[in-house]
Amino acid sequence: MSGDNAPMIGSRTSWTEAETTAIREQLDRMLSCELFAQASRQCRFLEYIVEATVTGQADRLSQFVVGVDVFDRDAEFDPVTDSIVRVEAGRLRSKLAEYYVSVGQNDSIIISLPKGGYSVHFEVRDKVDSADPLVVGRAPKTIGNLLIALAVIATVGILYFANVTSINLGADDEIATSQPTFFESAECTQEDLVKQSMSPFIAILPFDNMNADPDQEYFSDGITEDIITDVSTISGLTVISRHSTFVYKGHSISIREIGKNLCARYVLEGSVRKEGNQLRITAQLIDALTDTHVWADRYDRNFDDVFAIQGEVSRMIVSALKVELTDQEKSRLGHVGTSNTAAHDLFLRGRERFYLFTNDDIEKSLDLFSRAIKLDPNYAEAHAWQSRVQVYIFLSGMNNVSEETVVPGIESARRAIELDALLPIAHANLGWALRWDNHFDASIASVKTAIELDRSFADAYLWLSMINASYRRGDEALAAIQSGIRVNPNYSVTYVLALGRAYLALGQNDRALGLFERGIARNPNFLPNHVYRIFALEALGRAEESATVREDLSLIFPNFEFSAAYLFYYETEQL
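Anyway, here's the lowdown on the structure attached to this text.

How each quantity is defined
Residues numbered from 1 in each chain as written. Predicted model: local features only at pLDDT ≥ 70, side-chain atom pairs only at ≥ 80, totals over all residues. Heavy atoms only, no water. Helix = DSSP H or I, 4+ residues; strand = E, 2+ residues; numbered from the N terminus. Buried < 20%, exposed > 50% of the residue type's maximum accessible area, 1.4 Å probe, protein only. Contact = heavy atoms within 4.5 Å. Areas by Shrake-Rupley, 256 points an atom, 1.4 Å probe, with all protein chains shown as cover. Salt bridge = Lys/Arg side-chain N within 4 Å of Asp/Glu carboxyl O. Core = buried A, V, L, I, M, F, W, Y, C linked by side-chain atoms within 4.5 Å. Polar contact = N/O pair within 3.5 Å; in protein donor to acceptor, adjacent residues only side chain to side chain. Expected span 1.5 Å × (residues − 1). Phe/Tyr/Trp six-rings, centres within 6.5 Å; stacked < 30°, edge-to-face > 60°. Pairing = 2+ DSSP bridges.

1. Side note on the overall build of the protein
Argument step 1. Helices and strands together make up the secondary structure of the protein, namely 25 helices and 8 strands.
Argument step 2. Within the protein, buried positions represent 58% of all 575 residues.
Argument step 3. For the protein, the proportion of contacts with a sequence separation of at least 24, taken over those separated by at least 6, is 65%.
Argument step 4. Summed over its atoms, the accessible surface of the protein is roughly 23400 Å², and 49% of this surface lies on carbon and sulfur atoms.

Structure below.
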């Protein structure tokens, strides 16, 4: 972050009065900024450890002490079984990194939390002559510009508006093996979970693959996503997005912690074992507030009964939570998109390959969906996902010929709707495809229909926000992306982009710039945040800085002005 000759003062155990004053002023500046305003836990944590460090008490900062003093754990607190301090330390490191690549990029003092302990370090940037030992000059070049040098090197096929799987900022070795870290989790209290009794949130975790063959992972993941899709259409429930729940895959984390992280009162977990034509599926619904079982069952059936099992699990969730269904929901729950198990197997494999997001896997997923459709031409969900892949190919730059990608994507989505008018993903994908064929009103109408059918559809909110931002409908864009984040709290950098674009549409250009820079810090390889950073700088009248950023980006990605991100802005928002 700083020059090689910047003085390090973090290893000391005492500081002068002037130094202590400057450190505390820096802390106040950080805690009062918008980035920390919505992160009360991180504020309290940072304030506590900074004060302990500058007053010479850093040696007493253990997990136990921090857990009791900062996070209100009692005397029985055991850091081995309760990972709150390690988790919050990872989040705080992420928050500090975000701060110093955005609003704090020219601050005099850098406060950091090294791994392996809870004593903070203080660093002075570019020290100059001054009566104040901690006054520094302006950084010669913004950190954001330097980040560009790390970006896009291997990203000729940049993912644009793809639903990238959630990327965790600041994953560190200390906690990576036990707990996913989050970009910006909501502060969820016990009271928040209690309030969900009447209209509960539920998180459906990826079912464990109990087969010896890891290649069967697609099957257990597919069952999980099918149940998420089924339950999401119930108006009395809010279902956390699969992109937030799948980050827990392979991690041993308590249900209480998951419930708090996702602000979900109920958590469903289970397992799948498939041996030949025999299938065993277990499922258990747990109250995250009390850590007690609400319902559990085991199903030993033939493989051909997989659809019936998924439907039974969905119905048991509804029954256990005493959710009242509309007539349409009663008839829809447990809906089977195909009776052809071979077609469904190809569909599950195709969806798994899509989420890998490499060019080869995208092409393979399209082939698998096409093969599923050949086996069952009336498989609406396969047509809908075929549409999604076709549009993705256009946006990712794999094939920028609209007639070969977007137009077939529109046709696939319309065919899906003809087969199943109540399929939310079909309407959402049609709307997203229509946007890229310049049918803006129709695209908004289609995406809104998807949300009416499934109010837990996070990506539909994302796309609705993007489309509204094109119209400079900032209020609508902001409301939509906030709704998307509510059901997808571990959201990807695409959501950060949408949030920034909403503020750009509202004319809040400083706020938008900060978000684009935060997105860059989180994933430097995601091109659109770089592009929109240029637009935000231009909107702020910072022409010289914008020109520098543009020049730096063009050196690494010479054709970025032909990207969908760039052309999208100038074809719509500049009108």
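2. Here's the deal with the pattern of salt bridges
Argument step 1. Counting across every chain of the model gives 22 salt bridges.
Argument step 2. Taking the shortest distance from any N to any O, the salt bridge between Lys249 and Asp221 comes out at 2.5 Å. Here Asp221 lies in helix α8 (residues 217-232) and Lys249 lies in the loop between α9 (242-245) and α10 (255-262), a separation of 28 residues in the sequence.
Argument step 3. For Lys249, a relative accessible area of 31% gives the class partly exposed.
Argument step 4. With a relative accessible area of 12%, Asp221 lands in the buried category.

3. Structural notes on unusual backbone geometry
Argument step 1. Unusually for a residue other than glycine, Asn438 sits at a positive phi of about 65°.
Argument step 2. Take Asn438: it is sitting in the loop between α17 (424-435) and α18 (440-453).
Argument step 3. Even without being glycine, Arg472 reaches a positive phi, approximately 65°.
Argument step 4. Residue position: Arg472 is located in the loop between α19 (458-470) and α20 (474-487).
Argument step 5. On the accessibility criterion, Arg472 (34% relative accessible area) is partly exposed.

4. Examining the nonpolar core
Argument step 1. Formed by 115 residues in total, the largest nonpolar core has its most connected members in Phe207, Phe219, Ile227, Leu268, Val313 and Ile317.
Argument step 2. If near-sequence neighbours (up to four positions away) are discounted, Val313 is found in contact with Ile227, Leu268, Ala283, Trp295 and Tyr299.
Argument step 3. By size, the runner-up hydrophobic cluster in this structure holds 35 residues, among which are Leu46, Val70, Ile84 and Tyr100.

5. With respect to the environment of Tyr379
Argument step 1. Mapped onto the secondary structure, Tyr379 falls in the loop between α14 (359-375) and α15 (380-395).
Argument step 2. Overall, Tyr379 belongs to the buried group, its relative accessible area being 1%.
Argument step 3. Each residue touching Tyr379, except ones within four places of it in the same chain, is listed here: Gly337, Thr338, Ala343, His344, Phe347 and Leu419.
Argument step 4. A polar side-chain atom of Tyr379 sits 2.8 Å from a polar atom in the side chain of His344.

6. Some details on α14
Argument step 1. Relative to the 24 Å expected for 17 residues at 1.5 Å per residue, α14 spans 25 Å between its end C-alpha atoms, a close match to the ideal helical length.
Argument step 2. Buried residues along α14 sit against α13 (341-354) and α15.

7. With respect to helix α22 (residues 509-522)
Argument step 1. Counted at 1.5 Å a residue, the expected span for α22 with its 14 residues is 20 Å, and the 20 Å between its end C-alpha atoms agrees.
Argument step 2. Within α22 the residues assigned to the buried category are Asn509, Ala512, Leu513, Gly514, Leu515, Phe516, Glu517, Arg518, Gly519, Ile520 and Arg522.

8. Describing the side chain of Ser546
Argument step 1. For Ser546, the position within the fold is in helix α24 (residues 543-556).
Argument step 2. For Ser546, a relative accessible area of 2% corresponds to the buried category.
Argument step 3. Among all residues touching Ser546, those that are not within four sequence positions of it are Ile534, Leu537 and Glu538.

9. A short note on the packing of aromatic side chains
Argument step 1. As enumerated under the stated definition, the model contains 22 aromatic pairs in all.
Argument step 2. With 5.9 Å between their ring centres and 80° between their planes, Tyr355 and Trp385 make a pair best called edge-to-face. In this pair, Tyr355 is assigned in the loop between α13 and α14 and Trp385 in helix α15, connecting sequence segments 30 residues apart. As far as the burial class goes, Tyr355 and Trp385 line up, both buried.

10. Concerning the pairing of strand β7 (residues 278-287)
Argument step 1. The pairing of strand β6 (residues 266-275) with β7 spans 10 bridges and is antiparallel. For Arg273, the partnering residue across the bridge sits in β7 and is Arg280.
Argument step 2. Hairpin connection between β6 and β7: a loop of 2 residues separates the two successive antiparallel strands, and Gly276 in this loop has a positive phi of roughly 60°.
Argument step 3. Across 10 bridges, the pairing between β7 and strand β8 (residues 292-302) is antiparallel.

11. Thoughts on the environment of Ala458
Argument step 1. Residue placement: Ala458 occurs in helix α19.
Argument step 2. For Ala458, a relative accessible area of 4% translates into the label buried.
Argument step 3. Along the backbone, Ala458 and Arg242 are 216 residues apart, and their C-alpha atoms lie at a distance of 9.3 Å.
Argument step 4. For Ala458, the residues in contact, after removing those within four places along its chain, are Ser241, Gly484, Val487, Asn488 and Tyr495.

12. As for the environment of Ile202
Argument step 1. Among the structural elements, Ile202 can be located in strand β3 (residues 201-204).
Argument step 2. Taking C-alpha positions, Ile202 is 9.4 Å from Val231, a pair spaced 29 residues apart along the chain.
Argument step 3. Not counting residues within four places of it along the chain, the set of residues in contact with Ile202 comprises Thr238, Val239, Ile240, Ala264, Tyr266, Leu285 and Ile317.

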